[in-house]
Every structure is written in structure tokens, then in C-alpha cells.
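Reading the structure
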Amino acid sequence: MQLAILGAGDVGRSVADLAGEYGHDVVALADSTTAAVDDDGIDIAGALERKAGDEPLGSSDPTDVFDADYDVLVEATPTTLGDAEPGFSHVKRALEADRHVVLANKGPVAERYEELRALEADSAGSIRFEATVGGAIPVLSTIEDSTPQAVTAARGVLNGTANFILTRMAAEGLDYEHVLAEAQDLGVAEADPTFDVDGTDAALKFVILANVLADGGFSLEDATVEGIQNIPGSALDLAAEDGRTIRLIGEATRDGVRVGPRLVPENGPLAVTGTRNIVQIETRNAGSLHSSGRGAGGPETATAVLSDVGRLPPL
Amino acid sequence: MTAVSDDPVDEDETETDGGVRAYTVRLELVDEPGELLRALSPIADNGGNLLSIHHERGNMTPRGHIPVEVDLECPPDRFDGIVDALRDAGVNVIQAGAEHYGEEISVVLVGNLVERDLSNTLSRIEDEADAVVRDLSLAAPEGTDAVSSARVRLAIDSGRSDAALEAIRTIGTDKELTVVEPLLGGDA
């Protein structure tokens, strides 16, 4: 397949870097200001080197990407809330041109799911978005394989930053502020970690899961969301007295989405440690399935994008 | 000693023809050989039929003892005698429900617990969530006028967990407390 990649952050760059390994060509790569476009395949190493040196990616304009001869648009621009722009318009433009779209951007899938599906229905192309939920972990394809109707709920830990903080608090008996500062030093937490610790990032992923289970109907404002900022170290100590620990757990069903700190058995499957993520898929006929792995990171998330590309039918 | 029943107790059939009822007794044992047998003898000797013993080895209570939960059945008029016999034998009975509570859940409350009248919070949980507080553990590392945490273990009727947690959420909102609930459902 010929890929056009919008967004040159960790994920977009990793997709470009790994595409060849998966048998695909990259004909365009754009960040917010410039683009490298070549229908015969761009010079990926050169473009990534320029990006690393803070130089323009290429000589083209980002909108020139849409004129390239691509089969799949990879939407890897930053997640935005509300109208989910400009990601949504990018998807729209590609579908209207009868191309496929693979999203790593959570915004459009969480906030404007029905509109995406309507655009897809009128297009020869299709949309896939495995990378939006749990990075490298095959969550959506597992639900797809089980058929969404046979899945009753999806639960789990889908934010590595919050999980890292809670794990360290429990292990070291430290308070939230201390561990957050440490996580920022280690580069696990962003300078502004709000979306991770207030539950918004996890909620977006569980909203996407609820949309898949119910075939739409949910956006972030339908989710009940609580963060971990109010959890003191002493709460984790008390939980441990009972063989339990506290994790930021999300739940998605056809009835709703809920994210908040919850008590889980210390040695249970959902008590993953560090930045690891886990999803439990509860099925009607096959009990619970658990998948655990790296929920973030450039190369990890890029593998989910490239798996999606591999599942697309030829145009 | 009465034999331990081979059949697991059916939650829906706590009452039998002979007017026998099922009860749950929660004990704390010192970690020494022979303690479990010493704790069970008064039950059998006083007409109780042991149904199941949940011996949480390796799981210490905050006081450093081993929690043991015993399900037994007996005619209602004999139950008080059994509990008295246990206490006479020096066994620490934490909870002797005159009702059979099918489920036990723990919640952790975080906030200005003491300023917000912890004992009122607990009585509201018992009344509004239809639960029995079995154990309470409080941690106030910054002092009682700062944010503290409490773990409350509750006994509730089978199938009532969701309703109980909903009631506790409401109490938490009223009292500006963060309620960390257990994750129910699935095999979490």
C-alpha cells in the first residue's frame, strides 16, 4: 500500500520508519508546517533526519499530501477534543477521495464517531483505528474478531502515566506530588500531565471502545470521569492491608463509560505495574480475555497502525 | 465434631425445613498451631453445622492476626450460644452476623474524614447502603484535621453490591469524599 502520513510526532515518524518492513511505501509525510511528497516514495531517512534537526520535512505544503497518489491516509496528528479538528477534516477529505484512513488520533473516533461512520458508508475507503486504544495491544481487532455483539464489556488500565504514578506510590509509600515529579524527570509524565492524571486520556479510549460496542452514541461528555490527583499514599497502604491496590480503571459497556480509581486485587490481572497497559474483554461465550502490553510509544503504536494497514482491502 | 458438609451452601436456600439458618462468623486467629481447631470446636459442640471455612492464611488483619470466615448453619435460638461459647474459649469474634450476608466488599474513602464526622459517615453507610461495617482502618499521616483515608469492609446481601455502592457514592458526594470502589464484574 502507498501511505500518506499526516503528523510527524513519535507515532507518525515511527510509521514512516517501519513502513518498509511491513511492505508498504510512504509517498507523503507532513507535520503542521511542511511536507515531503513523492509518488515514487519519499526519502524517509532524509526527511526524518531533517525533522530531528528542526529543519523543514520537505519542500511541499502539508495540504499537498492530499494530491499524492496514496491508498491509505495515516492520521497521526495530535488528539484534539470537541470538534476534533483538524483531524476530522483530514479523515473526511481522504474518505471523500475514496481512500482508506488509519487513525492514531483519538479525537475524531471518540468525539465524532457517527459522522466518521457516515462518511465511510459513502466512501470506497474504510477507516480503522486500532492505534487509538492501547497502543501495541490488539484491543479493537480482538473485539472485531469476537464480534462486538458478543462482547459485554471492556475494562482495564489504558493510561501508563497514571498507572506508573499509582504503582510507585504503592511500592514506595510516597505521595502523589512526589511521584509525579519523579515521573516527569523520567519522561514518563508530560510537563503538563493533566489529561493523564485527570482520567481524560483513558476516558477517550473507553469512549472509543463503547462506540465500537454500541456502534456509536458516545463522546467524552457522556463519560463519568475521575482522576487520581486526590489519592494519597495512605489510601494505597490501606488497600494493601486487604490484599488490594488502587488502579485507574476504565469500563466501557453499551450502557456507558466510567473511568476512576478503583480497588483491584493486588495480584489480579488488572493490577499491571509501571507504564504497562491491560485490557480485559468480557465476552458472552468465551469468558474473559486479557491482553497486556505497551500502551504508548512511537514504534509500539506504529505497529498497531501498520497492522491496520495490513487488514485493509485493496482499493 | 459435626462433619463439614460435602455440599456447598446454596445462597438462596439459607432456611431449611427444620428452621435451620445459615450464618457467617468472622474470626481473628493468632498464628499458632491448633488455633483453627480450637476455634471450630465451640461451634460444633454447641449444635452448629460447619458449612465452609475460609481460612485466609498469609493475609493478616491490621492487628496482625489471621482472618477466618466460617459459614455455619444452626437453629436461630442456638446461634447466640455458639457465639458466647466462641468468646468463652478466648476466640476473637469480629463479626457474628445474625443475618447471613452473602458478600463482602471494601471501599476506601479519602478526604477530611474526621472533620466530616466519620461516625456519621459510617452510620449513613449502614442505613443507606443496607450494609454492616465489619472492619475499619484509618490512616491520617498528616493528622486528623488533614486529608485522611479509611478502608471500610462491609457485609452486604448477595446481589446488592451495585445498589450499596451507589448509596455510598451519594454519601461521598454529600460529604465531599473521594470514594474508591472495588471493581465488580468480570474476573477482576
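In this convention, every chain numbers its residues from 1, walking through the sequence in written order. Throughout, the order in which chains and ligands are written sets their labels, letters from A for the former and numbers from 1 for the latter. Residue-level local features of this predicted model are given only where pLDDT is at least 70; pairs of side-chain atoms are given and counted only at 80 or more, and the full residue set underlies all totals for whole chains, interfaces and linings. With hydrogens and water excluded, all non-hydrogen atoms of the structure serve as input to the side-chain values.

1. Here's the deal with the domain arrangement of chain B
All names here are of chain B.
- Throughout the structure description, domain borders are defined by an automatic or database domain assignment. Each domain of chain B was delimited in the assignment, giving domain 1 (21–98) and domain 2 (103–180).
- Placing the centre of domain 1 and that of domain 2 at their C-alpha centroids yields a distance of 26 Å.
- A contact between two residues is defined here by any heavy atoms of the two lying within 4.5 Å. Counting residues at the interface gives 7 residues for domain 1, matched by 8 residues for domain 2.
- A simple way to read buried area is as the amount of 1.4 Å-probe accessible surface that goes missing from two parts once joined, with both sides added. Summed over both partners, the interface of domain 1 with domain 2 comes to about 570 Å²; 39% of that surface belongs to carbon and sulfur atoms.
- Each salt bridge in this description consists of a side-chain nitrogen of Lys or Arg and a carboxyl oxygen of Asp or Glu lying within 4 Å of one another. Viewed at the interface, domain 2 and domain 1 are joined by 2 salt bridges.
- A salt bridge links Glu 104 to Arg 26; its shortest N-O distance comes to 3.5 Å.
- Polar contact is the term for a pair of N or O atoms within 3.5 Å; when the atoms are in protein, one must be able to donate a hydrogen and the other to accept it, and sequence-neighboring residues count only if both atoms are side-chain atoms. Scanning the region where domain 1 abuts domain 2 turns up 1 residue pair in polar contact (both at pLDDT 80 or more).
- Labels follow the DSSP assignment, with helices taken as runs of H or I lasting at least four residues and strands as runs of E lasting at least two, numbered in each case from the N terminus. Mapped by element, the contributors of at least two residues to the side of domain 1 that touches domain 2 are β1 (21–29) and β4 (92–96).
- Under this grouping Gly is polar, as are all residues other than the nonpolar Ala, Val, Leu, Ile, Met, Phe, Trp, Tyr, Cys and Pro and the charged Asp, Glu, Lys and Arg. Of the residues belonging to the side of domain 1 that touches domain 2, the class tally is 2 nonpolar, 2 polar and 3 charged.

2. Comments concerning the pattern of salt bridges
- For the coordinates displayed, the defined rule picks out 33 salt bridges over all chains.
- Here A:Arg13 and A:Asp10 are joined by a salt bridge, their closest N and O atoms 3.1 Å apart. Of this pair, A:Arg13 and A:Asp10 both sit in helix α1 (residues 10–19), 3 residues apart, which is roughly one turn of that helix.
- The exposure class assigned to A:Arg13 is partly exposed, which follows from its relative accessible area of 29%.
- Here the salt bridges do not stand alone but share partners, grouping A:Glu241, A:Asp242, A:Arg244, B:Asp135, B:Arg151 and B:Arg153 into one network. Buried residues are those whose accessible area, probed at 1.4 Å on protein chains only, stays under 20% of the maximum for their type, while exposed residues exceed 50% and partly exposed ones sit between those limits.

3. Here we look at the sheet that holds strand β4 (residues 72–75) of chain A
All names here are of chain A.
- Two strands qualify as a pair provided DSSP detects at least 2 bridges between them. Strand order in the open sheet formed by 6 strands is β3-β2-β1-β4-β5-β6, with mixed pairing between adjacent strands. Taken across any chain shown, the strands that pair with only one partner, and hence form the sheet edges, are β3 (35–37) and β6 (127–128).
- The pairing of strand β2 (residues 25–30) with β3 spans 3 bridges and is classified as antiparallel. By the bridge assignment, Ala 30 is partnered in β3 with Ala 35.
- Helix-sheet contacts for helix α3 (residues 87–96) involve β1 (2–6), β4, β5 (100–103) and β6, and the interaxial angle to β4 is about 175°.
- Along the sheet face, helix α12 (residues 298–311) touches β1, β4, β5 and β6 and points at about 155° away from the line of β5. Interaxial angle, 0 to 180 degrees, is taken between N-to-C directions of lines fitted to C-alpha atoms, where a helix line uses only the stretch in contact.

4. Remarks on the nonpolar core
Residues and elements named next belong to chain A.
- Residue types Ala, Val, Leu, Ile, Met, Phe, Trp, Tyr and Cys, when buried and joined through side-chain atoms within 4.5 Å, form a set referred to as a nonpolar core. If you look at the biggest cluster of nonpolar residues, it comprises 72 residues, and the most contacted ones within it are Leu 73, Phe 129, Ile 165, Leu 209 and Ile 228.
- In terms of residue count, the dominant contributor to this core is helix α10 (residues 200–214) (10 residues).
- In terms of nonpolar packing, the next biggest core, distinct from the first, is built from 28 residues, Leu 3, Leu 18, Val 26 and Val 309 among them.

5. Considerations on the UniProt feature "binding site: NADPH" (unreviewed entry) in chain A
All names here are of chain A.
- UniProt's entry tags Lys 106 with the feature "binding site: NADPH" (unreviewed entry), counted in the numbering of this structure.
- With respect to the element layout, Lys 106 can be found in helix α4 (residues 106–111).
- Look at Lys 106 and you get buried, because its relative accessible area is 14%.
- Setting aside anything within four residues of it in sequence, one finds Lys 106 in contact with Thr 79, Thr 132, Asp 201, Leu 204, Lys 205 and Ile 208. UniProt positions are given in the numbering used here, feature names are shortened, and annotations may be inferred rather than shown by experiment.

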